[in-house]
Amino acid sequence: MRKLLLLTTVILVGLVFIARLFYLQVYNNSAYDIFEDTAIRKEFNYPKRGYVYDRNGKLLVANQPSYDVMVIPREVSPLDSLELNEFCQLLKITQDEYYTKLARAKNYSPRLPSPFVPQLSKKDYAVLQEKMRKFEGFYIQKRSLRSYQTTIGANVLGDLGEVNRNIIKNDAYYTLGDLIGKQGIEKTYEKTLRGVKGIKFIQKDRFNKNIGPFKEGTLDTLPQPGKDVTITIDSDLQAYGELLMKHKRGGIVAIDPSSGEILAMVTGPSYNPNLLVGRERNKNFSRLFLDKVNKPTFDRGLQAQYPPGSPFKVINALIGLQEGVVETDDKVTCRMGYYYGSRKLTGCHHHRSPVDMNAGIAQSCNAYFVNVYRRIIDKYDDAGVGMNTWANHAKSFGLGNFLNNDLSVGQPGRIPDGDYYDRAYGDNRWGSTYIVSNAIGQGEVEATPIQLANMAAAIGNRGYYYTPHIIKNIEGDTIPKKYKTPNYTTIDKRHFEPVVQGMFDVYNEGTAKSLRVPGIDICGKTGTAENFVRIDSVKTQLTDHSIFVAFAPKDNPKIAIAVFVENGYWGSRFAGRMASLMIEKHINGEITRTDLENWILTHSLENEYKKPYSGEPFKINGQTSLQVIDNYATEENHPVENQNTSAIKL
Amino acid sequence: MLRENQRRFKFDWITIILFLLLVGFGYLNILSASHVGEVTDYFDTSQLYGKHLMFIGLTIVLIILILSFEAKFYEQFASIIYLVAMLALIGLFIFGKEVNGARSWYGIGSMTIQPSEFAKFATALAVAKYVSDLQTNMQTIKDQLRVAAIIFIPALLILLQNDAGSTIVYLAFFFVFYREGLQQVYLIIALSLIVLAVLALKFGILITAIIAALAIASVYFFRKKKRGSILQYMIVLLVSVSFSYGVKLFYEHGLKTHQQNRISLWLRLEKDPAKLERMKKAEAYNLIQSEQAISSGGVSGKGFLQGTRTTGKFVPEQHTDYIFSTVGEEWGFMGTSFVVIAFVFLIIRILFLAEAQKSQFSRVYGYGVAAILFVHFTINIGMVMGLIPTVGIPLPFFSYGGSGLWGFTILLFIFVKLDSNKINEW
């Protein structure tokens, strides 16, 4: 027995040791991951983000350096009160903030870096940098922030924001604190603009000092700079559009029909893109985003879906010609509306009658188009087949679906087909008379301003369009081929000329007579769309939306445009004026119709927008009077920046 | 004569191979733990790894020297060797050089030598000599006291030089005495005292007293025939409780703060988070770093010279007392279990050989060697992995240092020599 005491003890100790080692090294240990190794410092090297230029080579977006204090909670060694005091003073935070920030970072992940104090000033950075070594677990990360060289185009250019956890989970490239394009061009061309960050693995010692590259730097990567991009926007035209849109809500989209390049993309109200840079971004973004009255982050040019109103009539004219159900000189009598038997299906305004196609377009006669539309649908025995044929033609103009382009937001609009009404009314339990509103661009048809501008481009091109896009040029790269290939409509080229002539006569003798611009042959179409909101759960009609769609010149058009002004009443009142000015600005480079310009700059719709929120009964359309204001063209401030309207739920 | 001559060189090669493996592997890890940047000259004696290579070279000379003496020499000169070693320890009080608060070194030029490393084999020889004396009977109090004095002298001297870790090693001789006839009651008392001490520190006097009372009561009821008087049991309980109280008092007032904190960390006594954080920066720092290094090695380790914590010198004293953490990081579980198994085999091999000795001197000495190696192995690796409180003693054959390496080499190879001679003992 005496012989065995030491022997058994030795074996026992050996077993305990192996068990403990097994626990430490095998059971309790995942595979070695260099990103988990606290002895290796991971230094990210962020490349220069690509610049953004407008179509004329004007620099719109550049960069500025920024310094974030990052923390890896697990590596933080507790600071004594003196150190803590010093650190907080350097960072300009209170000690309470220090602990909450640290707790928040720890809560995210004890081992991954989190931003602790983002975006230090250069001066704070210089002071802090020298003392940084004392504070284990903290380091300074250099990044580049955007620097906007302009105050316009917030919806076009977009902005950068910190990645959220969801993005990190789905894309391993990003780590917390990284910036990513959140809207506009920054979002759609994120990968082109951002480049690829480089990483350096550095061996640390226990004093948190660098002692050299890890594995002789063989694992390190160099940053690849982001590529510069040129966008199709003409910043002068964009700025002019934003000026015109002041004190109104709506959108303008201008396209070059010969290439599909978007020349201007205005939404109102907008904001200064510099508001969304740096430390103030979150605060400003929430303020903008939560403004549910003005919705400045809602791009009305791309996202606002409305019944397009009268401009849609020209599509029906084209479909009618293509289907052979109407000739250009077929005349329709208008008795202030369209009658089915003795029932008036739709009203009309006062104009000469009867009308042929040219007059129908120029005078925007409802009866004429209901007639044409019914002929299209009733050409087939089955209204469903007629409806599908009609829908396919309409969709070939880029309506009723996403344009599949390079803009970060969009809406599909709606072109109803046979199935749609089968679902609504029951199979074959409907006919053309049920759905005549589509004839005049109301009813179930909906489109966004960019779709309408594209439609105008397709008409101006007599039958094809290029997918509207915003990228013009990528440094050292080509732009996608789909932007270079035309999309053909289902309408034969020969049918376009009479319709184009009708749109030309809208300016010559029709609804936009007063908006003519000397020297430019503009083809256009006014539109007016009724609209309703719910106020205290009562469906209430508001003043009509003002819509205008145009292209110019008549032959080989250089610009196709859609203007949409909320509650602007009839088409030529606001939208028509603005479209004419934009066209003149683009083609002539200067404004001769200063009377139009002055009118737009001195008339505000803000009183109109306040009505639904006033809680009092109000009048609409013809019973309203316009609000005249001083010419605010010289005003510095954007409307959004100096008002404190809080969100009201409708 | 020829047969005899042949047998004279019959060394136990298993022991020697295990020794060489440990020393060689130790060198690789010292190289890893001490190099800065690229290693250009392995023999550069301004670097620790260069020096250690030199120590290993001298070790070969030393081994040849040890093996070339007559086996009888060690028995005959045991007392003198012990005496010289004790004088060397005493001399430290006059000529000693203080390093890290311990006055345990002689400085000779740029070299330092630590006599306590050599006192171990000297004491082992002296104990073997005394115990194997025909007139010694380990059952008697007189001999127990005398043999206790042999180990008490070096232990006290070393303790006075502020090297508490090396003092603990002398407890190893308890195993030797037990093997050589020390009564069982000592073992029971020793174990009881250890349990009492831990209980008292961890759970306080009251709970310890209750547990002790329950244990003593169950012994009383278990021993139906020879119960003796209740008074005896009451005295044992009283002694137990006073011992627990003494341990508590000693812990609170007798220990230096850092020693107190080490124990506190081991038993997880500290509840105040602020104080715990402070300790993590001080007493627990080494342990935390060492555990992390070992743990980060995983199953197969990061590879020789590839340990990021070793390269970054995250573990202080990694080349000496914490060398095992290098093994853990760079060689992983494969490496660490190899080292543990190698040590266990070596100790068992020595025990096996010791039992096979014909002379009691050789057997006692062999037991001493096994026990000393065992205590070092247990305390060092246990400490590096956080199983026992921090005690600063080296890992035999592994840790950097000339005195340590030579001390253990002499200790082991005297036994190898004695063992090779067993055929001549009669």
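What you see is a predicted model; the values in this text were computed from it and never measured. In this numbering scheme, every chain counts its residues from 1 along its sequence in written order. For naming, the first written chain is A and the first written ligand is 1, with later ones following in the order written. Reporting in this predicted model follows two pLDDT cut-offs: at least 70 for local features of residues, and 80 or more for side-chain atom pairs to be given and counted; totals over whole chains, interfaces and linings ignore these cut-offs and use all residues.

Where helices and strands are cited, they refer to DSSP runs of H or I of at least four residues and of E of at least two residues respectively, numbered from the N terminus. Looking only at helices and strands, one finds 18 helices and three strands in chain B. Computation of the radius of gyration draws on C-alpha atoms, with the globule rule given as 2.2 Å multiplied by the number of residues to the power 0.38. For chain B, the C-alpha radius of gyration of 23 Å lies close to 22 Å, the compact-globule estimate for 426 residues. Overall, chain B is about 70 × 65 × 45 Å in size when its C-alpha atoms are taken along their principal axes. It is the C-beta atoms, placed from the backbone, that decide contacts: two residues are in contact if theirs lie within 7 Å. Taking the intrachain contacts of chain B between residues at least 6 apart in sequence as the baseline, contacts between residues at least 24 apart amount to 69%.

With that out of the way, let us pick up the overall build of chain A. Broken down by element type, chain A carries 21 helices and 22 strands. Projected onto the principal axes, the alpha-carbon positions of chain A cover approximately 125 × 60 × 55 Å. For every residue, the other C-beta atoms within 10 Å of its own C-beta are counted; 20 or more classify it as buried, 12 or fewer as exposed, and values in between as partly exposed. C-beta atoms are placed from the backbone. A total of 650 residues make up chain A; the buried ones form 44% of that total. Looking at chain A alone, contacts between residues at least 24 apart form 73% of all its contacts between residues at least 6 apart.

Further remarks concern the pairing of strand S19 (residues 538–552) of chain A. Residues and elements named next belong to chain A. The pairing of strand S18 (residues 523–535) with S19 spans 12 bridges and is antiparallel. Bridge pairing in S19 places Asn-531 opposite Leu-542. Note on pairing: two strands pair once DSSP finds at least 2 bridges between them. What sits between the antiparallel neighbours S18 and S19 is a turn of two residues, in which Asp-536 has the positive phi angle 50 degrees. Bridge count for S19 against strand S20 (residues 559–565) is seven bridges, and the pairing is antiparallel. Counterpart to Phe-548 in the pairing with S20 is Val-563. Remark: six residues form the turn of the hairpin made by S19 and S20, two consecutive strands paired antiparallel; Asn-556 in that turn has positive phi of roughly 45 degrees.

The next thing to look at is the sheet that holds S20 of chain A. Residue and element names in this part refer to chain A. Here five strands make up an open sheet; going across it, the order is S12-S11-S20-S19-S18 and the pairing antiparallel. Strands at the two margins of the open sheet, each flanked by one partner only, are strand S12 (261–268) and S18. For this sheet, the mean angle separating the axes of adjacent strands, direction not counted, is 10 degrees. Lines fitted to C-alpha atoms define the axes, with helix axes restricted to the stretch in contact, and inter-axis angles between N-to-C directions lie between 0 and 180 degrees. Strands strand S11 (250–256) and S12 of the sheet are contacted by helix H9 (residues 235–244), whose axis makes an angle of about 25 degrees with S12.

UniProt positions are given in the numbering used here, feature names are shortened, and annotations may be inferred rather than shown by experiment. If you check UniProt for "domain: Penicillin-binding protein dimerisation" (unreviewed entry), the listed places come out as residues 46–211 of chain A in our numbering. Measuring from the first to the last C-alpha atom of residues 46–211 of chain A gives 22 Å, for a span that is 33% helix and 29% strand.

Turning to the nonpolar core, a few remarks are in order. In globular proteins that are soluble, nonpolar side chains generally tend to be buried together. All names here are of chain A. Definition of nonpolar core: a set of buried Ala, Val, Leu, Ile, Met, Phe, Trp, Tyr and Cys residues joined via C-beta atoms within 7 Å. Residues Ala-254, Ala-453, Ala-456, Ala-550 and Ile-561 are the most contacted members of the largest nonpolar core, which totals 125 residues. For each domain, the first and last residues come from an automatic or database assignment. When residues of this core are sorted by domain, at least three fall in each of domain 1 (40–231) and domain 2 (235–642). When sequence neighbours within four positions are dropped, the list of residues in contact with Ala-254 reads Leu-237, Leu-263, Ala-264, Ala-453, Ile-559, Ile-561, Met-582 and His-586.

Moving on: the interface of chain A and chain B. On the side of chain B, 38 residues touch chain A, which itself brings 32 residues to the contact. At the level of elements, helix H1 (4–27) and strand S8 (198–204) of chain A are the ones that each hand at least two residues to the side of chain A that touches chain B. A total of 15 residues in the side of chain A that touches chain B trace back to one element, the largest contributor, which is H1 of chain A. Partitioning the side of chain A that touches chain B into residue classes produces 19 nonpolar, six polar and seven charged. By the convention adopted, Pro, Cys, Tyr, Trp, Phe, Met, Ile, Leu, Val and Ala count as nonpolar, Lys, Arg, Asp and Glu as charged, and the other residues, Gly among them, as polar.

Let's shift gears to the packing of helix H6 (residues 115–131) of chain B against helix H7 (residues 141–160) of chain B. Residue and element names in this part refer to chain B. Direction vectors running N to C along H6 and H7 enclose 170 degrees, while the axes themselves pass 9 Å from each other. Classified by the interaxial angle, the pair formed by H6 and H7 is roughly antiparallel. Contact residues: Ser-116, Ala-119, Thr-123, Ala-126, Val-127, Tyr-130 and Val-131 in H6; Arg-146, Val-147, Ile-150, Ile-151, Pro-154 and Ile-158 in H7. Residue classes in the contact of H6 with H7 are distributed as 10 nonpolar, two polar and one charged. Oblique is the label for every angle not falling under 35 degrees (roughly parallel), over 145 degrees (roughly antiparallel), or within 65 to 115 degrees (roughly perpendicular).

On to the packing of H1 of chain A against helix H17 (residues 360–384) of chain B. At a closest axis distance of 11 Å, the pairing of H1 of chain A and H17 of chain B adopts a crossing angle of 20 degrees. Viewed along their axes, H1 of chain A and H17 of chain B adopt a mutual orientation that is roughly parallel. As H1 of chain A runs across H17 of chain B, the sense of the crossing is left-handed. Here Leu-6, Val-10, Val-13 and Phe-17 of chain A of H1 of chain A come into contact with H17 of chain B, specifically with Ala-370, Ala-371, Phe-374, Thr-378 and Ile-381 of chain B. Split into classes, the residues belonging to the contact of H1 of chain A with H17 of chain B amount to eight nonpolar, one polar and no charged. Crossing handedness: left-handed means the near helix sits turned counterclockwise from the far one by under a right angle, and right-handed means the same turn made clockwise.

All names here are of chain A. Strands sit in the order S1-S8-S9 across an open sheet of three strands; the sheet is antiparallel. Unpaired on one side and paired on the other, strand S1 (40–45) and strand S9 (210–213) mark the two borders of the sheet. Geometrically, the sheet is characterised by an average inter-axis angle of 40 degrees between neighbouring strands, direction not taken into account. Pairing geometry for S1 and S8, over six bridges, is antiparallel.

It is worth spelling out the domain arrangement of chain A at this point. Think of interface size as the accessible area that goes away when the parts come together; that is how it is often given. All names here are of chain A. Per the domain assignment, the segments of chain A are domain 1 (40–231) and domain 2 (235–642). Of note, the centres of domain 1 and domain 2, computed from C-alpha atoms alone, are 44 Å apart. The partner domain 2 presents 28 residues to the 34 residues of domain 1 that form the contact. Mapped by element, the contributors of at least two residues to the side of domain 1 that touches domain 2 are strand S3 (59–71), strand S4 (114–120), strand S5 (138–148), helix H5 (154–157), helix H7 (184–188) and strand S10 (229–231). Classifying every residue of the side of domain 1 that touches domain 2 gives 12 nonpolar, 14 polar and eight charged.

Looking now at the UniProt feature "domain: Penicillin-binding protein transpeptidase" (unreviewed entry) in chain A. Per the UniProt record, "domain: Penicillin-binding protein transpeptidase" (unreviewed entry) is found at residues 250–577 of chain A. Measuring from the first to the last C-alpha atom of residues 250–577 of chain A gives 14 Å, for a span that is 29% helix and 21% strand.

Another point: H1 of chain A. For H1 of chain A, built from 24 residues, the straight-helix expectation of 34 Å at 1.5 Å per residue is met to within 8% by its first-to-last C-alpha distance of 32 Å. Within H1 of chain A the residues assigned to the buried category are Leu-6, Val-10, Val-13, Gly-14, Phe-17, Leu-21, Leu-24 and Gln-25 of chain A. Of the surrounding secondary structure, the elements contacted by the buried residues of H1 of chain A are helix H9 (173–179), helix H14 (285–296), helix H16 (323–355) and H17 of chain B. One less than the residue count of a helix, multiplied by 1.5 Å, gives the span that helix is expected to have.

What follows deals with unusual backbone geometry. Residues and elements named next belong to chain A. Cis geometry is found at the peptide bond from Gly-268 to Pro-269, where omega equals 0 degrees. By the secondary structure assignment, Pro-269 is in the loop between S12 and helix H10 (281–289). Cis geometry marks the peptide bond from Ala-552 to Pro-553, where omega comes out at -10 degrees. Along the chain, Pro-553 turns up in the loop between S19 and S20.

Our focus in this paragraph is the environment of Asp-417 of chain A. Residue and element names in this part refer to chain A. For Asp-417, the position within the fold is in the loop between helix H15 (383–395) and helix H16 (418–425). Classification of Asp-417 by C-beta neighbours within 10 Å gives partly exposed; the count is 19. When the C-alpha positions of Asp-417 and Ala-383 are compared, they lie 10.0 Å apart, and in sequence the two are 34 residues distant. Those residues in contact with Asp-417 that sit more than four places away from it in its chain are Met-387, Asn-388 and Ala-391.

Relative to strand S14 (residues 343–347) of chain A, strand S13 (residues 337–340) of chain A runs antiparallel, the two being bridged by four bridges. Residue pairing across strands places Gly-337 of chain A opposite Gly-347 of chain A, the latter belonging to S14 of chain A.

As a further point, take the environment of Lys-513 of chain A. Residue and element names in this part refer to chain A. Following the sequence through the fold, Lys-513 ends up in the loop between helix H18 (496–508) and S18. You can call Lys-513 partly exposed: it has 13 C-beta atoms within 10 Å. Taking the C-alpha atoms as reference points, Lys-513 and Ser-572, separated by 59 residues in sequence, lie 9.1 Å from one another.

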